[in-house]
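Structural overview for review
Each chain is listed here by its residues.
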Amino acid sequence: MNLQSKLNVKWKMVKMILSYVNDVPFETGYYFCKNGPMSEYHLTKEEREEISSIRAPVQSRNPVFVQVMHPSHVRGKKAGLVGLSSEFATKYIGTFRREIILQRASRKGTWHAFYNSNKFSRGIGGRGWCSFVEDNGILEHDVCLFELMHDARRPTMTVHVLRKARRHFVLLR
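None of these values were measured; they are calculated from a predicted model. (Residues numbered from 1 in each chain as written. Predicted model: local features only at pLDDT ≥ 70, side-chain atom pairs only at ≥ 80, totals over all residues. Heavy atoms only, no water.)

Re the side chain of Ser-85
- Mapping Ser-85 onto the fold places it in the loop between β3 (82-83) and α4 (86-93).
- Overall, Ser-85 belongs to the buried group, its relative accessible area being 12%.
- When neighbours within four sequence positions are excluded, Ser-85 is seen to be in contact with Phe-65 and Arg-122. (Helix = DSSP H or I, 4+ residues; strand = E, 2+ residues; numbered from the N terminus. Buried < 20%, exposed > 50% of the residue type's maximum accessible area, 1.4 Å probe, protein only. Contact = heavy atoms within 4.5 Å.)

Shown next, in the form of structure tokens:
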């Protein structure tokens, strides 16, 4: 193996390590949720790689936040805040409360949720989020890809929903 080939292999390894240290896949622009205390909602490295290979975003340059749905995210009219990573929120949304429009790429309709940020948490919630969950049949363990639309006039996220079927993620339409 020549020197150039060795350098290319080492660079690929460095990129892979950096992508997971920051919870941001280096190549795809997908930001993954942090693993919390409930291990049944953790994504394995293999699952992250599989999700990253699903090219769901409407535009490849849009950043995407990936979150596994917990029971508190989907429990009807009292659905809780869907937390966003501080890195994603700070870089793309900001640090104040604002309305955020949710939409699906394959369905008609919009839902007006609220983004809230304070010193303890950052996330999406409110009645709009509850309606979105109900209208789209979001279930516990589904994986939502929140694609922040750069070309929208108002803060808008296209939400792509993945569900595991036969040990693989399937993009729901």
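So that's the structure; there's more coming.
Considerations on α4
- Taken together, the buried positions of α4 are Phe-88, Ala-89 and Ile-93. All buried residues of α4 lie within an arc of 95 degrees about the axis, which places them on one face of the element. Of the residues in α4, the exposed ones pointing more than 90 degrees away from the buried face are Thr-90 and Lys-91.
- Count one or two residues on from α4 and you reach Gly-94, which has phi positive near 115 degrees. (Arc of directions from axis to C-beta.)

So, the side chain of Asn-62
- One can find Asn-62 in the loop between α2 (45-53) and β2 (64-68).
- Among the polar contacts made by the side chain of Asn-62, one reaches the main-chain amide nitrogen of His-150 at a distance of 3.3 Å.
- With near-sequence residues (within four places) excluded, Asn-62 lies in contact with Glu-147, Leu-148, Met-149 and His-150. (Polar contact = N/O pair within 3.5 Å; in protein donor to acceptor, adjacent residues only side chain to side chain.)

So, the pattern of salt bridges
- Counted under the stated rule, the structure contains 3 salt bridges.
- Where Lys-164 meets Glu-47, a salt bridge forms, and the shortest distance between an N and an O atom there is 2.5 Å. Residue Lys-164 is located in strand β8 (residues 156-165), and its partner Glu-47 is located in helix α2; the two are separated by 117 residues in the primary sequence.
- Residue Glu-47 is classed as buried on the basis of its relative accessible area, which comes to 14%.
- When the shortest N-O distance is used, the salt bridge between Arg-163 and Asp-142 registers 2.8 Å. Here Arg-163, found in strand β8, pairs with Asp-142, found in the loop between α5 (127-136) and β7 (143-148); they are 21 residues apart in sequence, far enough to count as distant. (Salt bridge = Lys/Arg side-chain N within 4 Å of Asp/Glu carboxyl O.)

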